[in-house]
Amino acid sequence: MRMSFWEYQGTAHTGVARVASSMNGVHAVAYSPVGDCYINSMFTMMEREKRFPPVHTSVLDLKTMGMGINRLPESLREVSHDHNPDLIVVTQTCSSSLLQEDYGSLARQANIPNEVLIYAPNPFRVEEDESANGLLTVMVEQFAAMKLPPTSKPSVNIIGPISLGFHHKHDLLSLQRMLETMGIAVNVVFPLGATVADIKKLPQAWATIAPYREMGADAAIVLEKMHNIPAVTSAPIGVVATRKWVREVLESLNKFASGNGLTFDLKEPAIAAFSMDQKSAPSGLPWFTITADVQGYSSKKAFVFGDFTHAVAITRMLATELDMQIVGAGTYNRKLANEFRELVKPYTDNIICSSEFAEVRKAIGETLPDIVMGTQMERHTSAEFDIPCATISNPTHIEDFSLSYQPFLGYDGSNFITDRVYHTCTLGLEKHMIEMFGDAGLGVEEARLKANERGKIQVAPEPEAREQELEAYKIAEELRAKATQLAVESGAAVAVKAPPVAAITAELVWTDEAQKALKQIPFFVRPKVQKRVEEYARSHGYSLITLDLVYEVREKAQQ
Amino acid sequence: MTIAPDTLPEIPEAEVLREDNGYHAFCGLTCTGWLYQKMKDSFFLILGTHTCAHLMQNALGVMIFAKPRFGVAMVEEGDLSAPQIDITDIVKNIVEEHNPSIIFLLNSCTPEIMKVDFESMARRLNQQFNNVPVLPVRADGLEYTMTQSEDCVIESLLQFCPVAPAGDKRIVFMGAVNDVNTTDLKREAEKLGLPVAGFVPANTIGELPAIGPDTILAPLHPYVAKSITQFSRLRGAKVLQSQFPIGPDGTRVFFEDLARHFGKEINLAEREAEIWRNLESKVSAIRGKRIFITGDNMLELPIARFLRKCGAELIEVGTPYVNRKFHKRELQALNGLRVVEMPNMHRQIRDIRELKPDLVVTNFWEANPFEAEGIATKWSTEIIFTPIYGFTGASDLANLFARALNRHRKLDVLDWKEFLPNNQEN
Ligand code: SF4
């Protein structure tokens, strides 16, 4: 028994629904209470999926339970009749799992022509990603067992991209672009857009690419075991990793070719071949890091948290390619904790493997980094601490299902991630400039931010448009009022207000001079500096904070 | 339930069909999303599982900031075989950290199937924390949908309403509506010379009104049937049997019937007509349109009645649950329409594709797929969160539908249909 305010992952049946929703001709049927159909709204609202999600709830309620009726056969018949899918996956949720129904025999009672797969992992043990990943493996074992002759030209499978995956659709496009440049065909993408017939074709590829450790890598390894098709399971995130990945893919194909008596003559293309114009570097990241104005990154502290794949890769990328300091790295995937520790150990001592957001929040509060790369939750935590934050992993928000091309994988991904880091850090860089050139104009900035909190109508619109504008303005004002009320109520006020000048604590006294010095510090870093000074004073037994002490802390901080 | 006989005219009602497989709606837990905001000194503690926690953060899009006033006491694998579920420490923490005046303890499906004795669990906690009442609320998805559990929450508040003495003849409005609406309804009643004691629920426990044998309980929406029956049974209070104050038509009937309880005959025809005149631009967008309500929150009956008054043609009115006695006046107003209780969603999708209504009022997850098929939609849940009550709420109400319909008309003139891929449903 524990108290939960928020979870990083959904449950096992969410994972099953994501697999079904990725595919064509596959339907999931969840035996569950009616309310568990809520997951469908994630597909149509977050991801703006156009189809009715192929996830059917076979309703468990008290009345039928009391009468000893199970509606599963009836539901299977309805799905068969309405959609006639190639495959129906039967699953359960927390509450229905307690009833320990014999799904196999219930499915047989349905007496339908469609293939039925029972996949009902224990929802109290298996979370969303593990469940989806496990289902991919089961499907490969079940449908890709038959050996097929390899394609005549070199080809690869891509296993992993999935519905509601973090930027997965963009990642897929990035991989496809690179493979095309390398002269490699894509045999099957699974599960996104795949059918059961596609799974059966997996064994004809020369290699399998599975960039996400927690989603699809196991299926790729199973395929390797079954058919000797090499699995490339590294994630091409960052320029260095991408280049290594390109070579790894080519080596794997070569290995397959020589093992199967096929000819293989592909070479690593010139770097420029990967760029949009075929002339320049495919990623501006290396030059970006070298430029003088990014030197400041060397002193920047980053905190990284997310799923396994993104947290590992982004940690490595920030440390080795953007030259940042990693003050903490973590994942909520506790089952891969050991592997995670091994991989990020070279970059930080502060490793957090936990699915409790409060622990992550505590770690962020203790390290006070300059930038946080995390999930939706860390965005909120960072707002509380007034630290810039970018999302790099699920769980996320509708805003991460962007219309424009925003991949994380490959050379294109390196550009996007670097931009994201840069835009997130910009405020920090301004701070750096202010330190060098003084705080001229800062007051203006503060006033501008305040002014922005008021409405946005500045240009007089056309008369007809004006009425609509006013209407929209009214709605916006109402929403704003509601949001403010909510924020105040929930204690998030600190996140929406500019931090006040020195809320001087009772036991510590700041001299006038010290206070003045504090006021001179840009408002957006002021609370952090104040906190640092006060902590320092406390730990050194001072109760009076003098100007000298402020400078003493400043000196210490620069060491 | 005490009902003045003259308020029950014998006129024909809509027939209600009942389907009960393939019905989809939010479970009872989701009432938390709105009620915790309404009752500012409360804490909603859900005795649930990971599924329930995931529902709360996803379906409601509720983000947790520093001090949320709801949370899930999560039943984990080890608890399944434990002799007893003990949440004392969790409650202790909530009391210390949030200092609520009241804790609602919501059950969910898993403890229900485990046969956790929920009532005695709450009783035990009540004894341990004697200054913070812990109230058990039925909210599991095995039996309860969103608005039905709201009824359960409200029902549990009776014990905090002081007893009004005989002769204290005032109105208590029943149903959680937002403050814009409460202020307005109270003002409207007082203008008519009808004394108001207060609202259940109120923003805090201390503000709950006194209820006694001469109180007139006036239901504001269709999902307080249980609580109103209880209140009337235990305190002998009278119950207003009328339409609900939704739309100018319903609001007029509501206040005229309410006045009758005070021996007054009032005629609000002119007031109603004036509101309709003000709404004309919006109503004209609705008039003649064919509307299908799939049904998931119980507001459907009065909404359909309002839309019908606007001149819309209602193809089907789905709704989770009909209480023939409590909803009698609304059913009368819907006579001749197809009303379906616990509708089968899959059958509805087939019908909607065939009948191509101008507007489908439906849940969060069906809306976009319908839009993708070229059918305009309105989120049904949005209606719950909109201040639609009374004469002044009518404009917001009409606007919900008018905007959805107008938007489509406007988007249609832009020649961009080519950007929309074909329907992918297989
Ligand atoms: S339907 Fe039951 S198990 Fe599902 S979220 Fe609601 S209460 Fe929890």
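Residues numbered from 1 in each chain as written. Chains lettered and ligands numbered in written order. Predicted model: local features only at pLDDT ≥ 70, side-chain atom pairs only at ≥ 80, totals over all residues. Heavy atoms only, no water.

> I'd like a description of the overall build of chain A, backed by residues and values.
A count of helical and extended segments in chain A gives 23 helices and 16 strands. Across the 559 residues of chain A, 55% fall into the buried class. Of the contacts formed within chain A by residues at least 6 apart in sequence, a portion of 72% connects residues at least 24 apart. Within the structure as shown, chain A displays about 24,700 Å² of accessible surface, and the carbon and sulfur contribution to it stands at 53%. (Helix = DSSP H or I, 4+ residues; strand = E, 2+ residues; numbered from the N terminus. Buried < 20%, exposed > 50% of the residue type's maximum accessible area, 1.4 Å probe, protein only. Contact = heavy atoms within 4.5 Å. Areas by Shrake-Rupley, 256 points an atom, 1.4 Å probe, with all protein chains shown as cover.)

> Outline the nonpolar core, listing residues and values.
Among the nonpolar cores identified, the biggest contains 212 residues, and A:Met139, A:Phe190 and B:Phe173 are the most heavily contacted of them. Among residues more than four places away in sequence, those in contact with B:Phe173 are B:Leu185, B:Ala189, B:Val196, B:Gly198, B:Phe199, B:Val200, B:Ala218, B:Leu220, B:Phe254 and B:Leu258. One finds B:Leu45, B:Ile85, B:Ile90 and B:Val91 within the second-largest nonpolar core, a separate group that totals 21 residues. (Core = buried A, V, L, I, M, F, W, Y, C linked by side-chain atoms within 4.5 Å.)

> Give me the sheet that holds strand β8 (residues 207-209) of chain A: which residues, what numbers.
Residues and elements named next belong to chain A. Here we have four strands laid out as an open sheet, ordered β7-β6-β8-β9, and parallel in their pairing. The open sheet is flanked by β7 (185-190) and β9 (231-232), the only strands paired with a single partner. Alignment of strand β6 (residues 155-159) against β7, held across four bridges, turns out to be parallel. Across the sheet, the residue bridging to Ser155 is Ala185, located in β7. (Pairing = 2+ DSSP bridges.)

> Mind laying out the site of the ligand, listing which residues take part and the relevant values?
Neighbouring the ligand are A:Pro33, A:Gly35, A:Asp36, B:Cys27, B:Leu29, B:Cys52, B:Leu55, B:Ser108, B:Cys109 and B:Gly141. Tallied by class, the residues present in the shell around the ligand amount to six nonpolar, three polar and one charged. (Near = heavy atom within 4 Å. Nonpolar A, V, L, I, M, F, W, Y, C, P; charged D, E, K, R; others polar.)

> How would you explain the interface of chain A and chain B if you had to name every residue and give the values?
The interface is formed by 69 residues belonging to chain A together with 75 residues belonging to chain B. Of the roughly 6,200 Å² buried between chain A and chain B on both sides combined, carbon and sulfur atoms contribute 61%. The interface formed by chain A and chain B holds three salt bridges in total. The residue A:Arg2 makes a salt bridge to B:Glu76 at a minimum N-O spacing of 3.2 Å. When residues in the side of chain A that touches chain B are grouped by element, the largest group, six residues, is from helix α19 (residues 463-489) of chain A. (Buried area = accessible area lost by both parts, 1.4 Å probe. Salt bridge = Lys/Arg side-chain N within 4 Å of Asp/Glu carboxyl O.)

> Residues and numbers for unusual backbone geometry, please.
Residue and element names in this part refer to chain A. With an omega of 5°, the peptide bond between Phe190 and Pro191 qualifies as cis. Summarising the element assignment, Pro191 is placed in the loop between β7 and α9 (196-201). For the bond running from Asn394 to Pro395, omega is -5°, close enough to zero to count as cis. By secondary structure assignment, the location of Pro395 is in the loop between β14 (389-391) and α17 (410-437). At Gln100, a position not held by glycine, the phi torsion is positive, near 50°. Here Gln100 is to be found in the loop between α5 (94-97) and α6 (103-110). Owing to a relative accessible area of 69%, Gln100 belongs among the exposed residues under this scheme.

> So what's going on with the UniProt feature "binding site: [4Fe-4S] cluster" (unreviewed entry) in chain B? Residues and values would help.
UniProt annotation of "binding site: [4Fe-4S] cluster" (unreviewed entry) refers to B:Cys27, B:Cys52 and B:Cys109 when read in the numbering used here. Separation in sequence by 83 residues is not matched in space for these annotated residues, since their most distant C-alpha atoms are only 9.7 Å apart. Here B:Cys27 shows up in the loop between β1 (16-18) and α1 (32-38). Not counting residues within four places of it along the chain, the set of residues in contact with B:Cys27 comprises A:Gly35, B:Leu55, B:Ala139, B:Gly141, B:Tyr144, B:Thr145 and B:Met146. The topology assignment puts B:Cys52 in helix α2 (residues 50-59). Discounting chain neighbours no more than four positions away, the residues touching B:Cys52 are B:Leu29, B:Ile46 and B:Ser108. (UniProt positions renumbered as here; feature names shortened; annotations may be inferred.)

> Describe the environment of A:His56, with residues and values.
In this structure, A:His56 sits in strand β3 (residues 55-59). Residue A:His56 is classed as buried on the basis of its relative accessible area, which comes to 3%. Separated by 26 residues in the primary sequence, A:His56 and A:Ala30 place their C-alpha atoms 6.2 Å from one another. Contacts of A:His56, omitting those with residues within four sequence positions, involve A:His27, A:Ala28, A:Val29, A:Ala30, A:Ser75, A:Glu78, A:Val79 and B:His346.

> Outline the UniProt feature "binding site: [4Fe-4S] cluster" (unreviewed entry) in chain A, supporting the account with residue identities and numerical values.
If you check UniProt for "binding site: [4Fe-4S] cluster" (unreviewed entry), the listed places come out as A:Asp36 in our numbering. Ignoring anything within four residues of it in the chain, the contact list for A:Asp36 reads A:His13, A:Thr93, A:Ser95 and B:Thr51.

> Talk me through helix α6 (residues 118-128) of chain B; I want residue IDs and the actual numbers.
Residue and element names in this part refer to chain B. Every buried residue of α6 is listed here: Phe118, Ser120, Met121, Ala122 and Leu125. Where α6 is buried, its residues touch β2 (42-48), α4 (88-98), β4 (102-106) and β5 (134-137). For α6, the capping residue at the N-terminal end is Asp117, with a side-chain oxygen 3.5 Å from the backbone nitrogen of Glu119. (Polar contact = N/O pair within 3.5 Å; in protein donor to acceptor, adjacent residues only side chain to side chain.)

> Let's hear about the sheet that holds strand β5 (residues 115-118) of chain A: which residues, and what values?
All names here are of chain A. The four strands lie next to each other as β3-β2-β4-β5, forming an open sheet whose pairing is parallel. Only two strands of the sheet have a single partner each, and these edge strands are β3 and β5. Pairwise comparison of adjacent strand axes, ignoring direction, gives a mean angle of 25° for this sheet. The sheet contact formed by strand β4 (residues 87-92) and β5 spans four bridges and is parallel. Pairing of Val89 across the sheet is with Leu117, part of β5. On top of the sheet, α6 reaches β2 (26-32), β4 and β5; it is set at about 165° to β5, its chief contact. On top of the sheet, helix α7 (residues 128-143) reaches β2, β4 and β5; it is set at about 135° to β5, its chief contact. (Axes fitted to C-alpha atoms, helices over the stretch in contact; angles between N-to-C directions.)

> How would you explain the packing of aromatic side chains if you had to name every residue and give the values?
Evaluation of the coordinates by the stated rule reveals 23 aromatic pairs over all chains. Taking the centre distance of 4.9 Å and the plane angle of 80° together, the rings of A:Phe52 and B:Phe370 count as edge-to-face. Remark: B:Phe370 occurs in helix α15 (residues 364-372) and A:Phe52 occurs in the loop between α2 (40-46) and β3; the pair is interchain, linking two chains. By the burial criterion, A:Phe52 is buried, and B:Phe370 matches it. Three or more aromatic residues joined by ring pairs form one cluster here, namely A:Trp6, A:Tyr8, A:Phe305 and A:Tyr332. (Phe/Tyr/Trp six-rings, centres within 6.5 Å; stacked < 30°, edge-to-face > 60°.)

> If you had to explain the side chain of A:Thr381 to someone new, which residues and values would you point to?
Inspection of the secondary structure puts A:Thr381 in helix α16 (residues 376-385). Setting aside residues up to four positions removed in sequence, A:Thr381 forms contacts with A:Arg361 and A:Ile364.

> Please set out the packing of helix α14 (residues 345-355) of chain B against α15(B) residue by residue, giving values where relevant.
Residues and elements named next belong to chain B. Close contact between α14 and α15 brings their axes to 12 Å; oriented N to C, the two are set at 25°. Judged by the angle between their axes, α14 and α15 are roughly parallel. Crossing hand, α14 versus α15: right-handed. Counting all contacts with α14, which are made through Met345, Ile349 and Ile352, the residues of α15 involved are Trp365, Glu366 and Phe370. Tallied by class, residues from the contact of α14 with α15 come to five nonpolar, no polar and one charged. (Parallel < 35°, antiparallel > 145°, perpendicular 65-115°, else oblique. Left-handed = near helix turned anticlockwise from the far one by under 90°.)

> Residues and numbers for the environment of A:Pro33, please.
Along the chain, A:Pro33 turns up in the loop between β2 and α2. A:Pro33 gets classed as buried once you look at its relative accessible area, which sits at 1%. A sequence separation of 317 residues divides A:Pro33 from A:Asn350, and the C-alpha atoms of the two residues are 42 Å apart. Contacts of A:Pro33, omitting those with residues within four sequence positions, involve A:Thr57, A:Leu60, A:Thr93, A:Ser95, B:Cys109, B:Gly141 and B:Leu142.

> I'd love a proper account of the UniProt feature "active site" (unreviewed entry) in chain A, names of residues and values included.
Residue and element names in this part refer to chain A. According to UniProt, the positions carrying the feature "active site" (unreviewed entry) are Asp293. Here Asp293 is to be found in the loop between α12 (285-290) and β10 (301-306). You can call Asp293 partly exposed: its relative accessible area is 49%.

> Tell me what's going on with the pairing of β3(A), and back it up with residues and numbers.
Residue and element names in this part refer to chain A. Counting buried residues along β3, five of its five residues qualify, which places the element largely inside the surrounding structure. Side chains of β3 alternate between two faces, with Val55, Thr57 and Val59 and His56 and Ser58 buried alike. Taken together, the five bridges between β2 and β3 define a ladder with parallel strand orientation. Residue pairing for β3: Ala28 is matched across the bridge by Val55. For the handedness criterion, the β-α-β arrangement of β2, α2 and β3 is classed as right-handed. (Right-handed = clockwise from strand over helix to strand, strands pointing away.)

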